[in-house]
Amino acid sequence: MELKNIKVKEISETKTNPRGDDFEDKNFDELVESIKEKGVLMPVLVRKGQKKTYEIIAGSRRLKAAKILKFEEIPAKIVEMNDIEAREAQIVENLQRQDVHPLDEGEAYRKLIEEAKYEISAVAVKVAKSESYVKQRLFLTNLKEKTVKAYRAGKINDGHAVLIAKLSSNDQKSALLATLGRWNEVMTVKELKEWIESNIYSEIAFQPWLKSKEAMEAVGECTECKPNSESLFGPVKEGACTDLKCWKNKIKKYFSWKVKMGKLKRISSEYGQAPKGVISLSDYVKVGRKKEDRCDSVLKAIVVEGSGLGKEIDICINPKCEKHKGAQAQYGLTAKEVKERKEDRKKEIENAKKAKVAMEKKLADALKKVKWPLSEKHLDALLTLALELAGSNAYRTIAKRHELEVEKENQSWGGTCYRYDKAIEKMAKGLDKNEKIKFVFELLIDTGYGSLLKGIEKI
Ligand SMILES: [Zn+2]
Ligand SMILES: [Zn+2]
């Protein structure tokens, strides 16, 4: 390595980084200002090019500034490097700049791996960071344009960016929209994680093809999930889907395969109109395994809509089937169970009707016995009815009016209770026939309706 001043015009552009500087440059003006004042303090890195020229490897910004300032010479380190080494030096130099955005960092690591053929672990050693740090930064390079923009603009933070980067491109769009919110109420990272869990991962949790090789082959490769090999919740199994759109495709293919293999009917576990080729819950009856529930029209079916996705059951859709016709479709119930429920309900209604008829008869019989003059027993019954009707709210007034002696009872909770009911009961027992009928009137008037008084006051 040689260190000397070389002529600015002898230095050519780099071959290994045709786009020039890797990153967008906000602070270039500041750099020009500083070089104008102090000169180029840090030598640029060059290697020998053709004839007597040099190729810049690192420090193209300083070189650019020197050209603008019309410097004749610039301090340089002259090294021997092949293309890969040169590229590596360029990437690493860019990483050493201040305020490198995590996105640029990720981009640089990616270049080290793709262009300088580094392993992730070697990158980690090279930049003195942990492997997981490097991996996380690498993940950021999965971010799609809109998220990148929002991230660079500071609308979302590192936490958001890492979560979104782990999603496939389709899901990134919806996750970004959700994160930014409708009125600039940006979600917290925790909220975003929960959002992703419930809006993307809970749906795609059902991946039955992972259970068998045949199913996996039938379903085929993911089309939208790559290159994400790791989801939010850990590494992804081979063949597992991490994208909602892709999952919808695969689950469709899976059901087609199942239907073909098992000669199954497609059914929905929901009432109402089902998509084309799918039988709605209103149009089939579940058939149980027991002999008495079977019929000649039994078909095998698989739930492709609604809850219980992928469940296989037996059904009957024959409108003329003696056993199942008229059976109300109820998901999860066999025709026999539906029939039993209906019978139970019918019995309940019948019993209630019978009980009502019996009551009416009893009342009619009882009324037949009521005659004038009232027997002592009927009078007592009438008094009981009136007492019940007046209720305990009226007892206090009545007891006071009759100046009854009222017992006090101490309550367990420390209070005192006046037993007006006991006092009234005792008094009622001591009344003669005339007093009893009078008391019936009094009780009825004391039910709280003062207007009832009119019923007797003018007689
Ligand atoms: Zn997929
Ligand atoms: Zn049937």
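Above this text you will find the structure in question.
Residues numbered from 1 in each chain as written. Chains lettered and ligands numbered in written order. Predicted model: local features only at pLDDT ≥ 70, side-chain atom pairs only at ≥ 80, totals over all residues. Heavy atoms only, no water.

## Focus: the overall build of the protein chain
In step 1: Summing up its helical and strand segments, the protein chain has 18 helices and 13 strands in all.
In step 2: Partitioning the contacts of the protein chain with sequence separation of at least 6, the portion at a separation of at least 24 is 65%. (Helix = DSSP H or I, 4+ residues; strand = E, 2+ residues; numbered from the N terminus. Contact = heavy atoms within 4.5 Å.)

## Concerning the sheet that holds strand β9 (residues 285-287)
In step 1: Spatially, the four strands line up as an open sheet ordered β8-β10-β11-β9, and their pairing is mixed. Looking at the sheet topology across the chains shown, the edges are occupied by β8 (265-268) and β9. Between one strand and the next, the sheet's axes are offset by a mean angle of 60 degrees, whatever the strand orientation.
In step 2: Inspection of the sheet shows β9 paired to strand β11 (residues 312-316) by three bridges, in the antiparallel sense. Of the residues in β11, the one forming a bridge with Lys-286 is Ile-315. (Pairing = 2+ DSSP bridges. Axes fitted to C-alpha atoms, helices over the stretch in contact; angles between N-to-C directions.)

## Regarding a nonpolar patch on the surface
In step 1: Together, Phe-441, Leu-453, Ile-456 and Ile-459 make up an exposed nonpolar region whose accessible area comes to about 410 Å².
In step 2: For Ile-459, a relative accessible area of 85% gives the class exposed. (Patch = residues over 30% accessible without salt bridge, like charges linked within 9 Å, V, L, I, M, F, W, Y side chains within 5 Å. Areas by Shrake-Rupley, 256 points an atom, 1.4 Å probe, with all protein chains shown as cover. Salt bridge = Lys/Arg side-chain N within 4 Å of Asp/Glu carboxyl O. Buried < 20%, exposed > 50% of the residue type's maximum accessible area, 1.4 Å probe, protein only.)

## A word on the environment of Gly-220
In step 1: One can find Gly-220 in the loop between α11 (213-219) and β6 (230-231).
In step 2: Residue classification places Gly-220 among the partly exposed residues on the basis of a relative accessible area of 30%.
In step 3: C-alpha of Gly-220 to C-alpha of Trp-209: the two residues are 11 residues apart in sequence and 9.6 Å apart in space.

## With respect to the side chain of Thr-147
In step 1: Its location among the elements puts Thr-147 in helix α7 (residues 145-152).
In step 2: Residue contacts for Thr-147: discarding those within four places in its chain leaves Ile-156, Ile-164, Gln-172 and Leu-176.

## Description of helix α1 (residues 28-38)
In step 1: When we look at burial in α1, the residues that qualify are Phe-28, Leu-31, Val-32 and Ile-35. Here the buried residues of α1 occupy an arc of 100 degrees about the axis, which is enough to place them on one side. In α1, the exposed positions that point more than 90 degrees away from the buried face belong to Asp-29, Glu-30, Glu-37 and Lys-38.
In step 2: Turning to α1, the residues buried within the fold contact α2 (60-68). (Arc of directions from axis to C-beta.)

## Description of the packing of aromatic side chains
Any two aromatic rings considered together are summarised by their centre-to-centre distance and by the angle between their planes.
In step 1: A complete count under the given rule lists four aromatic pairs for this structure.
In step 2: Centre to centre, the rings of Tyr-418 and Tyr-420 are 6.1 Å apart; their planes meet at 25 degrees, and the pair counts as stacked.
In step 3: Given the relative accessible area of 42%, Tyr-418 is considered partly exposed.
In step 4: Three or more aromatic residues link up through ring pairs in this structure, and these residues are Trp-209, Tyr-254, Phe-255 and Trp-257. (Phe/Tyr/Trp six-rings, centres within 6.5 Å; stacked < 30°, edge-to-face > 60°.)

## Remarks on the sheet that holds strand β2 (residues 11-12)
In step 1: Strand order in the open sheet formed by five strands is β1-β5-β3-β4-β2, and the pairing between neighbours is mixed. Strands with a single pairing partner mark the edges of an open sheet, and in this sheet they are β1 (2-7) and β2.
In step 2: With four bridges connecting them, strand β3 (residues 44-48) and strand β4 (residues 54-58) associate as antiparallel partners. Considered in β4, the bridge of Arg-47 is made with Glu-55.
In step 3: Each of β3 and β4 touches helix α3 (residues 83-95); the most contacted strand, β4, lies at about 45 degrees to it.

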